[in-house]
Amino acid sequence: MKMTYKRLAAILWTACLMCTLLSWRAEGQTSRGTDIAVVVNPDTPISDLSLADVRKVLLGERQYWSSKLPVVLLIRAPVARERDVVLKVIYQMSEDQFKQYWVAKIFRAEAATPPKIVYSNDMQYELVTAMPGAIAFVDARNVRPGLKVLRVDGHLPGEANYPLR
Amino acid sequence: MHRGLVVTAMLALAAGAAWGQSPPASEQAEQVKALLERVEQLEKRVAELEARPAAASVTTAAVTAPSAAPNPEVQQEAAKPEPSHQMEGHMDQAAVRQMEPHYPNLQIRGFADMDFSATDQKGTTSGFNLGQLDLHLASALSPKISYFGEMTFTAHPTNYTVEVERSIIRYDYNDYFKISFGRYHTPIGYWNTAFHHGAWLETSIDRPEIVKVGGTYTPIHFVGFLVEGNIPSGGAGLAYSVGVGNGRGDTISRPGDAGDNNNNRAWVANVFARPVKLYGLQIGASVYRDKITFAGGRNFREWITSAHLAWTRGDPEFLAEFSNVNHRQYFTNVSTNNPGFYVQMGYRLPWFEKTLKPYYRFEYLHTPENEAVFTNLDLVESIFGLRYDISSYAAFKTEYRRASRLPGTPTINGLFLQTSFTF
């Protein structure tokens with residue numbers, strides 16, 4: 001028995017060391033480009049989120065803005081730059097890992113539906129303005145009137161230290 | 001073992017052929033990217049044209065300037081541009097209507113696997129076997145009410161068994177309070193609620209012994225109600241689940257689906273943290289208490305404590321779960337402890353588009369000689385495996401296992417192969 005616990009301690013120690021060494025790298029950031037704005041339906045009772053909060057929303061760990069207003073998550077279809085930035089900076093996942101994450105999330109009964117996939121900025125704009133609780137990620141140059149742009153970590157797109165770019 | 005090698009070679013050849021037939025992904029991606037860029041340009045052009053008639057009255061057009069910091073208030077108060085083209089307006093509205101949630105909606109997903117095993121254990125034969133066919137249903141009945149169901153079809157020597165693994169209706173009040181009723185995977189530890197029956201979701205071919213489906217060590221299922229949600233805790237990312245239910249049935253590997261066999265309800269509580277600053281880490285602890293009643297009238301109090309640590313980002317992946325099952329007989333007051341744990345490590349290699357993931361798992365389980373509820377479950381096992389994700393939704397897994405059970409019995413070596421997928 002003593003040998004087994006010693007073996008366990010050795011395995012745990014080695015694993016911790018490996019985790020520390022292997023995960024030691026810079027935060028996922030895309031090559032510098034235009035900022036990606038986080039936009040919500042104007043009726044959403046929120047105007048500032050930390051990057052950690054944005055991550056919680058995207059991971060489906062925060063599913064309600066308030067008890068009466070569920071989050072409706074909109075994500076651009078693959079290859080759009082907005083999606084690349086969201087995957088690399090927030091999810092820190094590859095395209096496959098992202099798909100697998102949502103299959104598992106629904107399978108675990110932690111969410112009833114995956115994020116809605118939108119194929120263009122027009123579609124995204126229409127959906128955010130029409131659906132209460134909707135949140136989407138838009139190239140800051142394409143933000144249109146009628147959307148509410150959230151501050152992320154206290155910064156708006158275009159400001160220094162804005163984290164989504 | 002030779003036959004096993006032949007099969008491995010055949011699978012490798014098939015995988016190679018399938019790989020060769022797939023179109024070059026990078027070329028497709030480039031084409032799609034070019035098309036999307038074109039769509040973006042056209043959208044911008046349409047937006048400019050739409051904005052022209054309104055430009056005289058709306059003076060907040062500065063939002064389109066790349067360096068300008070959009071002011072949320074300005075965005076909110078600004079007038080919505082009116083579409084200049086009737087047809088486009090109709091198309092957008094139709095798309096929006098299509099995307100809006102409709103109730104009830106239903107999503108069906110399936111999981112399946114096909115396995116091969118060959119061991120040097122006397123009295124066993126090598127061969128293929130059909131794993132579980134698993135169907136999962138998720139249905140939103142309203143914005144706050146959801147149904148989740150899971151059914152499995154499992155092959156046996158003379159027939160198939162169909163089992164309702166989970167059937168849950170859940171009402172969400174908010175992120176902090178969600179109540180559900182039905183048949184669950186008991187929220188003890190990590191693995192039992194992270195992977196359920198979908199073999200494709202697991203890195204390894206099979207579950208660890210302490211959470212084995214059909215095993216007795218952990219009560220895998222639970223019939224009753226569960227309250228769960230987040231705990232306001234800032235960066236600690238705490239969450240909880242607390243449940244009350246029937247607990248173990250007459251056959252202790254099964255829950256009391258059709259009613260409890262005593263008047264004592266089982267209860268379970270699980271707390272875990274996903275710290276904000278350590279994205280990917282989960283640390284948790286669970287307790288479970290039940291009264292086990294055997295047909296002969298013998299009663300035992302069961303007390304399960306469990307702790308887990310999981311780093312799930314894949315590069316590396318690390319899962320460790322420790323559990324102890326304590327039984328105390330009501331009449332004799334004899335108490336026994338049954339410790340068990342597993343530690344699993346995996347690393348997604350940076351080559352081949354991160355499709356290869358070697359992993360290792362060590363498992364340990366001990367039942368004392370005077371244990372009266374479990375038959376002997378002793379196990380010390382090492383598993384060396386390789387997972388190859390052939391696509392986003394299908395994987396090949398290969399494992400070499402070396403296990404020893406009772407002292408004095410020979411060590412068993414085995415080769416295990418699996419292809420698992422979701423559809």
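Description of the overall build of chain B
Point 1. For chain B, the helix and strand inventory stands at 5 helices and 17 strands.
Point 2. Buried positions account for 32% of the 423 residues belonging to chain B.
Point 3. In chain B, once contacts between residues fewer than 6 apart in sequence are set aside, the share between residues at least 24 apart is 51%.

Focus: the overall build of chain A
Point 1. Of the regular secondary structure elements, chain A holds 5 helices and 9 strands.
Point 2. For chain A, the proportion of its 165 residues judged to be buried stands at 40%.
Point 3. Residue pairs at least 24 apart in sequence account for 69% of intrachain contacts in chain A once pairs closer than 6 positions are excluded.

So, the environment of B:His102
Point 1. Examined against the element boundaries, B:His102 turns out to sit in the loop between α4 (86-99) and β1 (105-119).
Point 2. A sequence separation of 40 residues divides B:His102 from B:Ser142, and the C-alpha atoms of the two residues are 8.3 Å apart.

Quick notes on the confidence of the model for chain B
All names here are of chain B.
Point 1. Here chain B averages 84 in pLDDT, while 81% of its residues score no lower than 70.
Point 2. Across residues 9-24 the pLDDT falls below 50, and counting only partners more than four positions away or on other chains, this stretch makes 6 contacts in the model.
Point 3. Predicted complex metrics record ipTM = 0.78 and pTM = 0.78.

What to know about the nonpolar core
Point 1. If you look at the biggest cluster of nonpolar residues, it comprises 36 residues, and the most contacted ones within it are A:Val38, A:Val39, A:Leu74 and A:Val128.
Point 2. Mapped by element, the contributors of at least two residues to this core are β1 (36-40), α2 (51-58), β5 (72-76), α3 (81-91), α5 (121-130) and β7 (134-139) of chain A.
Point 3. Not counting chain neighbours up to four residues away, the residues in contact with A:Val128 comprise A:Val39, A:Val40, A:Asn41, A:Leu74, A:Ala134, A:Ala136 and A:Leu147.
Point 4. In terms of nonpolar packing, the next biggest core, distinct from the first, is built from 29 residues, B:Phe195, B:Leu226, B:Tyr288 and B:Tyr359 among them.

With respect to the sheet that holds β7(A)
Residue and element names in this part refer to chain A.
Point 1. With mixed pairing, 5 strands are arranged side by side in an open sheet as β6-β5-β7-β1-β8. Every other strand in the sheet has two partners, leaving β6 (116-118) and β8 (148-149) as the edge strands with one partner each.
Point 2. Pairing of β5 with β6 involves 3 bridges; the strand directions are parallel. Among the inter-strand pairings, Leu 74 is bridged to a residue of β6, identified as Lys 116.
Point 3. Where α3 meets the sheet, it contacts β1, β5 and β7, and its direction lies at approximately 110° from that of β7.
Point 4. The strands touched by α5 are β1, β5, β6 and β7; relative to β7, the strand with the most contacts, the crossing angle is about 150°.

Notes on the confidence of the model for chain A
Residue and element names in this part refer to chain A.
Point 1. Averaged over all residues, the pLDDT of chain A equals 85, while 81% of them reach at least 70.
Point 2. Mean pLDDT across the elements of chain A bottoms out in helix α1 (residues 2-22) (61) and peaks in β5 (95).
Point 3. For residues 23-31, every residue scores under 50 in pLDDT, and the model assigns this stretch 10 contacts once sequence neighbours within four places are set aside.

Description of the packing of α2(A) against α3(A)
Residues and elements named next belong to chain A.
Point 1. Taken N-terminus to C-terminus, the directions of α2 and α3 make an angle of 115°; their axes are 10 Å apart at the nearest point. By the angle between their directions, the pair α2 and α3 is classed as roughly perpendicular. α3 is crossed by α2, and the crossing has left-handed handedness. The segment α2 lies against α3, with Val 54, Arg 55 and Leu 58 engaging Val 86, Ile 90 and Tyr 91.
Point 2. Of the residues belonging to the contact of α2 with α3, the class tally is 5 nonpolar, no polar and 1 charged.

Re the environment of B:Thr119
Point 1. Tracing the backbone shows B:Thr119 in strand β1.
Point 2. The contact partners of B:Thr119, leaving out residues within four places of it in the chain, are B:Thr124, B:Ile412, B:Asn413 and B:Gly414.

Here we look at the pairing of strand β6 (residues 177-185) of chain B
Residue and element names in this part refer to chain B.
Point 1. Taken together, the 7 bridges between strand β5 (residues 160-174) and β6 define a ladder with antiparallel strand orientation. The residue bridging Tyr 171 from the neighbouring strand is Ile 179, located in β6.
Point 2. Taken together, β5 and the strand that follows it, β6, pair antiparallel across an intervening segment of 2 residues.
Point 3. Sheet topology note: the β6/strand β7 (residues 221-230) ladder contains 8 bridges and is antiparallel. Bridged to His 185 within β7 is His 221.

Quick word on helix α4 (residues 95-107) of chain A
Two residues of an α-helix separated by three or four positions point the same way, owing to the 3.6 residues in each turn.
Point 1. The end-to-end C-alpha separation of α4(A) is 19 Å, in line with the 18 Å expected for 13 residues at 1.5 Å each.
Point 2. What α4(A) keeps buried is the set A:Phe98, A:Val103, A:Ile106 and A:Phe107.
Point 3. Elements in contact with the buried residues of α4(A): α3 of chain A together with β1, β3 (133-142) and β17 (412-422) of chain B.
Point 4. A:Ala109 lies just past α4(A) and shows a positive phi near 65°.

A few points about the pairing of β1(A)
Residue and element names in this part refer to chain A.
Point 1. Of all 5 residues that make up β1, 5 are buried, and the element is covered over most of its length.
Point 2. Here 5 bridges tie β1 to β7, and the two strands are oriented antiparallel to one another. Looking at the pairing, Ala 37 lines up with Val 138 of β7.
Point 3. Bridge analysis of β1 against β8 gives 2 bridges, and the strand direction is antiparallel. Residue pairing across strands places Val 40 opposite Lys 148, the latter belonging to β8.

Thoughts on unusual backbone geometry
Point 1. Between B:Tyr103 and the following residue, B:Pro104, the backbone shows a cis peptide bond with an omega angle of -10°.
Point 2. Structurally, B:Pro104 can be placed in the loop between α4 and β1.
Point 3. Its identity as a non-glycine residue notwithstanding, A:Asn161 has a phi of 70°, on the positive side.
Point 4. Along the chain, the position of A:Asn161 falls in the segment after β9 (151-152).
Point 5. Phi is positive for B:Glu353, which is not a glycine, with a value near 55°.
Point 6. In this fold, B:Glu353 is placed in the loop between β13 (335-346) and β14 (356-365).

Details of α2(A)
Residues and elements named next belong to chain A.
Point 1. Along α2, the residues classified as buried are Val 54, Lys 56, Val 57 and Leu 58.
Point 2. Those residues of α2 hidden inside the fold are in contact with β1, β2 (48-49), β5, α3, β7 and β9.
Point 3. Looking at the residues trailing α2, positive phi occurs at Gly 60, about 80°.

About the criteria used
- Residues numbered from 1 in each chain as written.
- Chains lettered and ligands numbered in written order.
- Predicted model: local features only at pLDDT ≥ 70, side-chain atom pairs only at ≥ 80, totals over all residues.
- Helix = DSSP H or I, 4+ residues; strand = E, 2+ residues; numbered from the N terminus.
- Buried ≥ 20, exposed ≤ 12 C-beta atoms within 10 Å, placed from the backbone.
- Contact = placed C-beta atoms within 7 Å.
- pLDDT = per-residue confidence, 0-100.
- Core = buried A, V, L, I, M, F, W, Y, C linked by C-beta atoms within 7 Å.
- Pairing = 2+ DSSP bridges.
- Axes fitted to C-alpha atoms, helices over the stretch in contact; angles between N-to-C directions.
- Parallel < 35°, antiparallel > 145°, perpendicular 65-115°, else oblique.
- Left-handed = near helix turned anticlockwise from the far one by under 90°.
- Nonpolar A, V, L, I, M, F, W, Y, C, P; charged D, E, K, R; others polar.
- Expected span 1.5 Å × (residues − 1).

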